[in-house]
Protein chains: 2
Amino acid sequence: MLDENNWFTEVAEAAGSAFSLRIKQRLHREESPFQTIEVYETETFGNLMVIDGFTMLSTRENFLYHEMLSHPVLLTHPAPRRVAIIGGGDCGTLREVLRHPEIASAVQIDIDERVTRVAEQFFPELTESNADPRATLLFDDGIRWMREAPDQSLDIIIIDSTDPVGPAEGLFTTAFYRDCHRALAPGGLLVQQSESPLYHMDIIRGIYADTEAAGFQDRATLFFPQAIYPSGWWSATLVSRDQAIPDFRAVAATNLPFPTRYYTAEIHRAALAQPAFFKQALASTQGE
Amino acid sequence: MLDENNWFTEVAEAAGSAFSLRIKQRLHREESPFQTIEVYETETFGNLMVIDGFTMLSTRENFLYHEMLSHPVLLTHPAPRRVAIIGGGDCGTLREVLRHPEIASAVQIDIDERVTRVAEQFFPELTESNADPRATLLFDDGIRWMREAPDQSLDIIIIDSTDPVGPAEGLFTTAFYRDCHRALAPGGLLVQQSESPLYHMDIIRGIYADTEAAGFQDRATLFFPQAIYPSGWWSATLVSRDQAIPDFRAVAATNLPFPTRYYTAEIHRAALAQPAFFKQALASTQGE
């Protein structure tokens, strides 16, 4: 919501908190077939994309999210070649994935083409790799796409979704994870944005339980800051198809052939450190 | 500020952002000789202390800040015995310090006794160690106290201050750091809350430059989440009197004789990982 003093505010209802950015002007607003997409010019965060009232990304700090959703999973897989991104319509994750020269194909499946078109206009830096010959952009239902994906056709699945309400709800279910498991080749890894460790332990526990029920063998959560998301602290959960999550390729992470703004080998290792309360919360789940 | 819908909002003016918590009621408000102290009962964060309109701490997540301001520095010093806390009137840092059995004395020097009295009433869990025979609570000017502290009388100095405006401004100066340096014994360490890595690189750079000018030999910044502070991402900067910052005592950190909610040995190591942009920003300062 935008108030009379030009603040855009996202209220996290259940959490009883809100985050606001001061706005210069609204640049765009449309009702796509799936959702309301808005773009604001903020005073200090660059452009801000908002979907159905929820902040999605800002020019200033989307690098944290996009780097942490892509580089850790790619540097954990021993030889990643085939990547699918479910959601991710702003194309920022796709751009980071394509920075890795060993990637042969990256398919992005977002249900709403309008998100990509709006990103092209207001976040052109995020869409700069869309013409890469290794990239395929599909505008389709990611759940159905995964159901129809050939067996063992992917090395990495990145679930770059909105919150588990509305269109993204089906991306947080055992049925969807079963399709992901089937579509992954041996050694395959999945990573999913998994909300705030401070606010959403129930969602993180759900991802652990549902991916276990779907046959995945191991899980680990990565933690990172994200100022515009509720609580300012965010997570992504890494899930391994058929084995313990391997150590990441630290030498490769130290010698990346491209620049990063947040990610380093040191940050990768650090992001895996589990807060005491988080360990306790997961342990108590497993005892249930 | 509190609006008509019972939201307390802290505006980070220069950052162009704001954070809000939904309030059940205001529990307290007073003008102390130094500042305006308020306490609100929030819907989801427990009690919230606000000083001069800035959020100081909440029941729900102060553990992040208090643990990260105390345990890393104490577990980095090889044999800490004598601790001074400048500021810290809510006593939460003092409580964490006193959990360490090797600490012989901990002196807290906060200019405003009313902060401690208000904490006793509304955050009693934070003040539960105030009667510990090793604790001394002084209500005095921390800058003057440090000027008068005997040479080499301290092992650890913790600067648990408000932002570097108003009463705390003098705690972010070379002159104050010189007094700290003189008051520290060989091997001594100082840690200072150093604001948001996303918003306040200028302040962090200032701490690096000013402590170097004051004779300190090494510096490292710790990063941690803090939902109620601007950007939700916070830091503390660790400074070493006369040598490179030693490796922390990982075995002791793994076998703490007390519970923690955030801190672990793994988290300690992780908090020291420097984001790529942070390294670049510091390197460019040093080249100036």
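Parameters at a glance
- Residue indices begin from 1 for each chain and proceed along its sequence in written order.
- Following the order in which they are written, the chains are lettered starting with A and the ligands numbered starting with 1.
- Per-residue local features of the predicted model are confined to residues with pLDDT of at least 70, and side-chain atom pairs are confined, for both listing and counting, to 80 or more; whole-chain, interface and lining totals are unaffected and use all residues.
- With hydrogens and water excluded, all non-hydrogen atoms of the structure serve as input to the side-chain values.
- UniProt positions are given in the numbering used here, feature names are shortened, and annotations may be inferred rather than shown by experiment.
- The copies are overlaid by a least-squares fit using only the C-alpha atoms of residues whose pLDDT is at least 70 in both copies.
- Residue contacts follow a heavy-atom distance rule, with two residues in contact if any of their heavy atoms lie within 4.5 Å.
- Helix and strand assignments come from DSSP, with helices taken as H or I runs of at least 4 residues and strands as E runs of at least 2, each series counted from the N terminus.
- Burial classes follow relative accessibility: with a 1.4 Å probe on protein chains only, a residue under 20% of its type's maximum area counts as buried, one over 50% as exposed, and anything between as partly exposed.
- One fewer than the residue count of a helix, multiplied by 1.5 Å, yields its expected span.
- Note that domain bounds follow an automatic or database assignment of domains.
- Two parts placed together each lose some accessible area under a 1.4 Å probe, and adding up what both lose gives the buried area.
- Salt bridge, as used here: a side-chain nitrogen of Lys or Arg that lies within 4 Å of a carboxyl oxygen of Asp or Glu.
- In protein, a polar contact means a hydrogen-donor-capable atom and an acceptor-capable atom, both N or O and within 3.5 Å, with residues adjacent in sequence counting only if both atoms are side-chain atoms; elsewhere, any N or O pair within 3.5 Å suffices.
- Stacked, tilted and edge-to-face pairs are distinguished by plane angle, under 30 degrees for stacked and over 60 for edge-to-face with tilted covering the rest, among Phe, Tyr and Trp rings (Trp via its six-membered ring) whose centres lie within 6.5 Å.
- We call a charge positioned above a ring when the Lys NZ or Arg CZ atom is no farther than 6 Å from the ring centre and deviates by at most 35 degrees from the ring normal.

Going by the annotation in an unreviewed UniProt entry, the name recorded for chain A is Polyamine aminopropyltransferase, with Lamprobacter modestohalophilus given as the source organism. As stated in UniProt under Pathway (unreviewed entry), the record for chain A gives "Amine and polyamine biosynthesis; spermidine biosynthesis; spermidine from putrescine: step 1/1."

Side note on the relation of the copies chain A and chain B
When chain A is fitted to chain B, the best match, at an RMSD of 0.0 Å, comes from turning it 180° and sliding it 0.0 Å along the axis. These values place the two chain copies in the arrangement generated by a two-fold rotation axis. The share of interface residues of chain A whose copies in chain B are also at the interface is 100%, consistent with both copies meeting through the same surface.

Re the environment of T260(A)
Topologically, T260(A) is positioned in the loop between α7 (250-254) and α8 (265-271). By relative accessible area, T260(A) is classed as buried at 11%.

Points about helix α6 (residues 201-213) of chain B
Structurally, the α-helix is built with 3.6 residues per turn, so residues lying three or four positions apart point the same way. Helix length check: α6(B) (13 residues) gives 18 Å between terminal C-alpha atoms against 18 Å at 1.5 Å per residue, within 8%. Restricting attention to buried positions, one finds in α6(B) the residues M201(B), I203(B), I204(B), I207(B), Y208(B) and T211(B).

Here we look at the domain arrangement of chain A
Residues and elements named next belong to chain A. Split into domains, chain A comes out as domain 1 (7-58) and domain 2 (62-283). Computed over C-alpha atoms only, the centres of domain 1 and domain 2 are separated by 23 Å. Taking both sides of the interface into account, the surface hidden between domain 1 and domain 2 amounts to around 2000 Å²; carbon and sulfur atoms contribute 70%. At the surface where domain 1 touches domain 2, the tally comes to 1 salt bridge. The interface formed by domain 1 and domain 2 contains 8 residue pairs in polar contact (both at pLDDT 80 or more). At the level of elements, β1 (7-12), β2 (17-31), β3 (36-42), β4 (47-51) and β5 (54-58) are the ones that each hand at least two residues to the side of domain 1 that touches domain 2. When residues of the side of domain 1 that touches domain 2 are assigned to their parent elements, the largest contribution, 6 residues, is made by β2.

Some remarks on the packing of aromatic side chains
Going through the model one piece at a time under the given rule, you end up with 24 aromatic pairs over all chains. Judged by centre distance (6.1 Å) and plane angle (70°), the rings of W233(A) and F277(A) are edge-to-face. In this pair, W233(A) is assigned in strand β12 (residues 233-240) and F277(A) in helix α9 (residues 276-286), connecting sequence segments 44 residues apart. A single burial state applies to W233(A) and to F277(A), both of which are buried. When the ring of W233(A) is compared with that of Y262(B), the centres are 6.0 Å apart and the planes differ by 75°; the resulting orientation is edge-to-face. One end of the pair, W233(A), is in strand β12; the other, Y262(B), is in the loop between α7 (250-254) and α8 (265-271), on a second chain. Like Y262(B), W233(A) is buried. The aromatic ring of F63(A) is capped on one face by R261(A), whose charged end is 4.1 Å from the ring centroid. The aromatic ring of F45(B) is capped on one face by R60(B), whose charged end is 4.9 Å from the ring centroid.

Looking at the pattern of salt bridges
A complete count under the given rule lists 38 salt bridges over all chains for this structure. In this structure, the salt-bridge partner of E96(B) is R99(B), at a minimum N-O distance of 3.0 Å. E96(B) sits in the buried class, given a relative accessible area of 4%. Of the charged contacts in the structure, one is a salt bridge between R241(B) and D242(B), with a shortest N-O distance of 2.7 Å. Relative accessible area serves as the criterion here: at 32%, D242(B) is assigned to the partly exposed category. Members of the salt-bridge network, linked through shared partners, are R26(A), R29(A), E31(A) and E38(A).

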